[in-house]
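Residue-level listing of the chains:
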Amino acid sequence: QVQLVESGGGLVQAGGSLRLSCAASGRTFSNYGTGWFRQAPGKEREFVAVISRSGGATDYADSVKGRFTISRDNAKYTVYVQMNSLKLEDSAVYYCAAGPLEATMPSGYDYWGQGTQVTVSS
């Protein structure tokens, strides 16, 4: 069992930056690929980024590639996503998720956090 808690969301102006954190309980965290997803009102949950168990492999949605960077510190049981050059369309609730593979679909994950709100203003 893995419990995930996101933090770091907030209100930021377009062009600004935020760093989200996903803190995990359980010493088996390094056994899981971890992804970030987001969901805006009225839209489906969409893939943002994923990182492998070791941190050696990453993948990003085209919409965030070059602006977002995912990383992990297994010693601290934490995964991060650094979000730069934020755009209005990045506004959403951001969720982290853990699963056995480095999936880009929500169905590939077994554990989810509660989410953290990111609002980008003009």
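Residues numbered from 1 in each chain as written. Predicted model: local features only at pLDDT ≥ 70, side-chain atom pairs only at ≥ 80, totals over all residues. Heavy atoms only, no water.

Draft legend 1. Structural detail: the environment of Ser52. By the element assignment, Ser52 lies in the loop between β5 (46–51) and β6 (58–60). By relative accessible area, which is 8% here, Ser52 ends up buried. Taking C-alpha positions, Ser52 is 9.0 Å from Arg72, a pair spaced 20 residues apart along the chain. One polar contact links the side chain of Ser52 to the main-chain amide nitrogen of Gly56, over a distance of 3.2 Å. (Helix = DSSP H or I, 4+ residues; strand = E, 2+ residues; numbered from the N terminus. Buried < 20%, exposed > 50% of the residue type's maximum accessible area, 1.4 Å probe, protein only. Polar contact = N/O pair within 3.5 Å; in protein donor to acceptor, adjacent residues only side chain to side chain.)

Draft legend 2. Region of interest: the sheet that holds strand β7 (residues 68–73). Pairing in this open sheet of 4 strands is antiparallel, and the strands run β1-β3-β8-β7 from one edge to the other. Sheet topology places β1 (4–7) and β7 at the edges, where each strand pairs with a single neighbour. Averaged over all neighbouring strand pairs, the angle between strand axes comes to 15°, with direction disregarded. (Pairing = 2+ DSSP bridges. Axes fitted to C-alpha atoms, helices over the stretch in contact; angles between N-to-C directions.)

Draft legend 3. Summary view of unusual backbone geometry. Positive phi, normally seen in glycine, also occurs at Tyr77, with a value near 50°. The topology assignment puts Tyr77 in the loop between β7 and β8 (78–83). Positive phi is not limited to glycine here, since Ser85 has a value of about 50°. Overall, the relative accessible area of 42% leaves Ser85 in the partly exposed class.

Draft legend 4. Highlighting the state of the cysteines. The tally for this structure, following the rule as stated, stands at 1 disulfide. Note on cysteine connectivity: Cys22 is disulfide-linked to Cys96, with sulfurs 2.0 Å apart. Disulfide Cys22-Cys96: torsion about the S-S bond near 60°, hence right-handed. In this pair, Cys22 is assigned in strand β3 (residues 18–24) and Cys96 in strand β9 (residues 92–99), connecting sequence segments 74 residues apart. The buried category is assigned to Cys22, whose relative accessible area is 0%. Taking relative accessible area as the criterion, Cys96 reaches 0% and is therefore assigned buried. (Disulfide = S-S within 2.5 Å.)

Draft legend 5. The side chain of Asp90, seen in detail. Structurally, Asp90 is set in the loop between β8 and β9. Assessed through its relative accessible area of 0%, Asp90 is described here as buried. Apart from residues no more than four positions distant in its own chain, Asp90 is found in contact with Arg38, Arg67, Phe68, Ser85, Val118 and Val120. (Contact = heavy atoms within 4.5 Å.)

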